[in-house]
Amino acid sequence: MTEPNADKLQAYLDGELSPSEAEALEAWLERHPDAARQLEQWRRQDEALRELWALPGREPVPARLLDAARPLARRAAPAWWGQGLAAGLVFALGLGGGWYGRLAYQADRPAVAASAPTDSLPRQAAMAHVVYSPDIQRPVEIGADQEAQMVSWLSQRMRSQIKPPRLAAAGYELIGGRLLPGDQGPVAQFMYHDASGLRVTLYVANGVSPRAERGFHFASQGPVNVYYWWDQGQGYALSAGLPRERLADLAQLAQRQLAAG
């Protein structure tokens, strides 16, 4: 068979192909391991996004948010192999902005979680982490080898001096950064990884109204844990598929440097 387009691959994931079409596609994937790996990445990200949106006892995420992201993310070939899902999330973040404010989070203290207003910051950070961190070909827009250019570019776009903290002491090296849309303007995302390849992202948003409470706040967003805090008009959220205790150590390391800077 000829190389399948993005729509056909998505139809395969959704179980919408006929048995003969599915069999032919599976045979093609066996001969194209790179495509098979990318398709598996799509599957994992779809599952992670659905888990992230899942809210027991509440109404489910509107199907239109997930469905609307797919055509934009997977329409073009062959460029979609490395970058499709990233584009999809940018769209989903913009389209779903009103939805984030309705989602619950788990705060440090259960008593606070029951009455405190919902924060969109950890949800947005977790969503960005779920989509961008698995990307193999282009996880960032500017790599750490061009850090000075990256810092200058992000600072200019955000109209605020911003610099990624160093997490090497905890075993995480900077991969690079990218610019994302946010509720109140541009957002920066810095990405790190350890020797095993596990990735951590720091989400930085300008114009975030400080909360009355100081210090760290924890949110368990489906498959992603997030520690977030505010300082001098900026919101920070460190996200990873790490245990809460390990992520707390990383967040404290980042916060100390950011505060000092």
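Residues numbered from 1 in each chain as written. Predicted model: local features only at pLDDT ≥ 70, side-chain atom pairs only at ≥ 80, totals over all residues. Heavy atoms only, no water.

J.: Got a minute to help me understand the overall build of the chain in this structure?
T.: Helix and strand counts for the chain stand at ten helices and seven strands. Burial status across the chain gives 49% buried among its 261 residues. Contacts spanning at least 24 positions in sequence make up 61% of the contacts within the chain whose residues lie at least 6 apart. Carbon and sulfur atoms make up 50% of the accessible area of the chain, which amounts to about 12700 Å² in all. (Helix = DSSP H or I, 4+ residues; strand = E, 2+ residues; numbered from the N terminus. Buried < 20%, exposed > 50% of the residue type's maximum accessible area, 1.4 Å probe, protein only. Contact = heavy atoms within 4.5 Å. Areas by Shrake-Rupley, 256 points an atom, 1.4 Å probe, with all protein chains shown as cover.)

J.: I tried to follow the nonpolar core on my own but got confused; where do I start?
T.: Within the largest apolar cluster, 28 residues are counted, with the highest numbers of intra-cluster contacts made by Phe190 and Leu202. Ranked by residue count, the leading element in this core is helix α10 (residues 244–260), at seven residues. Excluding its chain neighbours within four sequence positions, the residues that come into contact with Leu202 are Pro165, Ala188, Gln189, Phe190, Tyr192, Trp229, Tyr236, Ala237, Leu238 and Leu258. (Core = buried A, V, L, I, M, F, W, Y, C linked by side-chain atoms within 4.5 Å.)

J.: Please explain the confidence of the model for the chain as it appears in this structure.
T.: Predicted coordinates in areas of low pLDDT are best not read in detail. Overall, the prediction assigns the chain a mean pLDDT of 74, with 68% of residues at 70 or greater. When the criterion is pLDDT under 50, residues 55–62 qualifies, and its contacts beyond four places in sequence or with other chains add up to eleven contacts. The low-confidence segment residues 68–118 (pLDDT under 50) makes 108 contacts with residues lying over four places distant or belonging to another chain. (pLDDT = per-residue confidence, 0-100.)

J.: Help me understand the packing of aromatic side chains, please; the structure alone is not making it clear to me.
T.: With the rule as written, the count across this model stands at five aromatic pairs. Arranged with centres 5.1 Å apart and planes meeting at 55 degrees, the rings of Phe218 and Tyr227 form a pair that is tilted. On the accessibility criterion, Phe218 (3% relative accessible area) is buried. Since its relative accessible area comes to 9%, Tyr227 is described here as buried. A cation over a ring is seen here: Arg244 above Phe218, with NZ or CZ 4.1 Å from the ring centre. (Phe/Tyr/Trp six-rings, centres within 6.5 Å; stacked < 30°, edge-to-face > 60°. Lys NZ or Arg CZ within 6 Å of the ring centre and 35° of its normal.)

J.: Which parts of the structure should I look at to understand helix α9 (residues 147–158)?
T.: In an α-helix, one turn spans 3.6 residues, which is why side chains three or four residues apart end up on the same side. Over its twelve residues, α9 extends 16 Å from the first C-alpha to the last, a length consistent with the 16 Å expected when each residue adds 1.5 Å. Those residues of α9 that sit buried are Glu147, Met150, Val151, Leu154, Ser155 and Met158. Mapping the buried residues of α9 onto a view down its axis gives an arc of 120 degrees, with all of them on the same face. Relative to its buried face, α9 has exposed residues pointing more than 90 degrees away, namely Ala148 and Gln156. Summarising the contacts, the buried residues of α9 are in contact with β1 (142–143), β2 (173–182), β3 (185–193) and β4 (199–206). At the exit of α9 stands Arg159, carrying a positive phi of roughly 55 degrees. (Expected span 1.5 Å × (residues − 1). Arc of directions from axis to C-beta.)

J.: Is there a simple way to think about the packing of helix α1 (residues 6–13) against helix α2 (residues 19–31) in this case?
T.: Packed helices, taken two at a time, are described by the angle their axes make and the gap between the axes. Here α1 crosses α2 at 110 degrees, and the two axes come no closer than 11 Å. In terms of their interaxial angle, α1 and α2 are classed as roughly perpendicular. As α1 packs across α2, the resulting crossing turns out to be left-handed. Within the contact between the two elements, α1 uses Lys8, Leu9 and Tyr12 and α2 uses Ala22, Leu25, Glu26 and Leu29. A breakdown of the residues in the contact of α1 with α2 according to their chemical character gives five nonpolar, no polar and two charged. (Axes fitted to C-alpha atoms, helices over the stretch in contact; angles between N-to-C directions. Parallel < 35°, antiparallel > 145°, perpendicular 65-115°, else oblique. Left-handed = near helix turned anticlockwise from the far one by under 90°. Nonpolar A, V, L, I, M, F, W, Y, C, P; charged D, E, K, R; others polar.)

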